[in-house]
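Here is how the chains run, residue by residue.
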Amino acid sequence: MIRDITLGQYYPAKSTIHKLDPRVKLVTTIVFIISLFVAKGVVGYAIASLFLAMVIRMSRVPFSYMTKGLKAIIMILMLTVLFNLFLIDGDFVLWRFGFLRITDKGLKTAVFMAVRLIYLILGSSIMTLTTTPNDLTDGLEKLLGPLKKLHVPVHEIAMMMSIALRFIPILLEETDKIMKAQIARGADFETGNLLQKAKAMVPLLVPLFISAFRRANDLAMAMEARCYHGGDGRTKMKPLHYESRDRIAYAVVWGYFLLMAAAGWAASFYAVMWL
């Protein structure tokens, strides 16, 4: 499961999505996440599915590679589905066994919540898979630039997020190495129930934390050796600027959001009319 986490990893490819300005991809991801909460009914999720499928195809990232990240949240996904399936009351009972029952509203909510969670992971993965950490830092700092007038440490916030994203694949690789080393010494991480597997993972934490602190110390020393003192007065080797494809992407994204909002409003209107 550790090897299946794709968040924070970059997949190099020559695609239109890779060439977009990082600010466009950040805004698109935020708009897409908001649209999933605006979506109501089958029509809204169908529009979101078409938009997500189009973006995945344009990114040229293999769909099988992108769905690897879903394996890490399979337990959260199952719990979300089960809670919504059995704990939400509805107008009609579809199935009953003792105190457990499934209603029409519970089934609908469980399906929509599962789709929403899957789309959240896929949409966020597209941004990190098609954008390098340096570009993400520059784009985030540029977007939050107006907050500097309010004395918000924009550069420091963007730098922390960039370092966090960069450390995710490094720590995953380090965890994999530690697991292999302990398996070679007789450790067992596969057999037993869920509690036993959790206890078996405890010996991984000490060497992993030591390695993380060592890497953080090395990074701090490297930044000090290069006279890093924050973002004041710093220049960019490749300054960001919008091109025609970025403006087209903005138009497509906001058109998609307006379509989702219209679909949500129509679903609410018809629901009120039927009542």
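Scroll up to find the structure.
Just so we're clear, the structure is a prediction, and the values are computed from it rather than from any experiment.

### Quick look at a nonpolar patch on the surface
Among the surface-exposed residues, Ile74, Met75, Met78, Leu79, Phe83 and Leu87 lie close enough to one another that they form a single nonpolar patch of about 610 Å² accessible area. Mapped onto the elements of the fold, methionine 78 is located in helix α5 (residues 74–87). Since its relative accessible area comes to 45%, methionine 78 is described here as partly exposed.

### Some points on the packing of aromatic side chains
Taken as a whole and judged by the stated rule, the model has eight aromatic pairs. For the ring pair tyrosine 11 and tyrosine 65, a centre distance of 5.3 Å and an interplane angle of 45° mean the geometry is tilted. With a gap of 54 residues between them, tyrosine 11 in the segment before α1 (16–19) and tyrosine 65 in helix α4 (residues 63–67) connect regions that are remote in the sequence. The exposure class assigned to tyrosine 11 is partly exposed, which follows from its relative accessible area of 25%. What links up through ring pairs into an aromatic cluster is the set Phe32, Phe51 and Tyr256.

### Topic: the environment of arginine 116
With respect to the element layout, arginine 116 can be found in helix α6 (residues 104–129). Linking arginine 116 and alanine 39, residues 77 residues apart in sequence, is a C-alpha distance of 9.4 Å. Apart from residues no more than four positions distant in its own chain, arginine 116 is found in contact with Leu36, Phe37, Ala39 and Tyr45.

### Some points on the pairing of strand β2 (residues 100–103)
Here strand β1 (residues 93–97) runs beside β2; their pairing, made up of four bridges, is antiparallel. Counterpart to phenylalanine 97 in the pairing with β2 is leucine 100. Counted between consecutive antiparallel strands, the loop separating β1 from β2 contains two residues, among which glycine 98 sits at a positive phi close to 65°.

### Points about the side chain of serine 35
Relative to the helices and strands, serine 35 is located in helix α2 (residues 22–38). Not counting residues within four places of it along the chain, the set of residues in contact with serine 35 comprises Tyr256, Phe257 and Met260.

### What to know about unusual backbone geometry
Here the phi dihedral of histidine 151 falls at roughly 65°; this positive angle occurs in a residue that is not glycine. The residue histidine 151 is located in the loop between α7 (133–143) and α8 (154–184) in this model. Phi is positive for cysteine 227, close to 60°, though the residue is something other than glycine. Tracing the backbone through its elements, the reader meets cysteine 227 in the loop between α9 (194–225) and α10 (244–274). Among the residues examined, cysteine 227 registers a relative accessible area of 57% and is labelled exposed.

### Here we look at the pattern of salt bridges
All chains considered together, the criterion is met by seven salt bridges. Notably, a salt bridge pairs arginine 215 with glutamate 174, separated by 3.1 Å at the nearest N-O pair. Of the two residues, arginine 215 sits in helix α9 while glutamate 174 sits in helix α8, which places them 41 residues apart along the sequence. For arginine 215, a relative accessible area of 32% puts it in the partly exposed group. By relative accessible area, which is 17% here, glutamate 174 ends up buried.

### Some remarks on the side chain of histidine 155
By the secondary structure assignment, histidine 155 is in helix α8. Separated by 3.2 Å, the side chains of histidine 155 and glutamate 141 make a polar contact.

### Regarding the nonpolar core
Among the nonpolar cores identified, the biggest contains 32 residues, and Phe32, Ala48, Leu52, Met66 and Tyr256 are the most heavily contacted of them. At the level of secondary structure, the elements contributing two or more residues to this core comprise α2, α3 (41–59), α4, α6 and α10. Take this core: its biggest share by element is seven residues, from α3.

The rules behind each value
Residues numbered from 1 in each chain as written. Predicted model: local features only at pLDDT ≥ 70, side-chain atom pairs only at ≥ 80, totals over all residues. Heavy atoms only, no water. Patch = residues over 30% accessible without salt bridge, like charges linked within 9 Å, V, L, I, M, F, W, Y side chains within 5 Å. Areas by Shrake-Rupley, 256 points an atom, 1.4 Å probe, with all protein chains shown as cover. Salt bridge = Lys/Arg side-chain N within 4 Å of Asp/Glu carboxyl O. Helix = DSSP H or I, 4+ residues; strand = E, 2+ residues; numbered from the N terminus. Buried < 20%, exposed > 50% of the residue type's maximum accessible area, 1.4 Å probe, protein only. Phe/Tyr/Trp six-rings, centres within 6.5 Å; stacked < 30°, edge-to-face > 60°. Contact = heavy atoms within 4.5 Å. Pairing = 2+ DSSP bridges. Polar contact = N/O pair within 3.5 Å; in protein donor to acceptor, adjacent residues only side chain to side chain. Core = buried A, V, L, I, M, F, W, Y, C linked by side-chain atoms within 4.5 Å.

The values reported here are purely geometric and, on their own, carry no functional implication.
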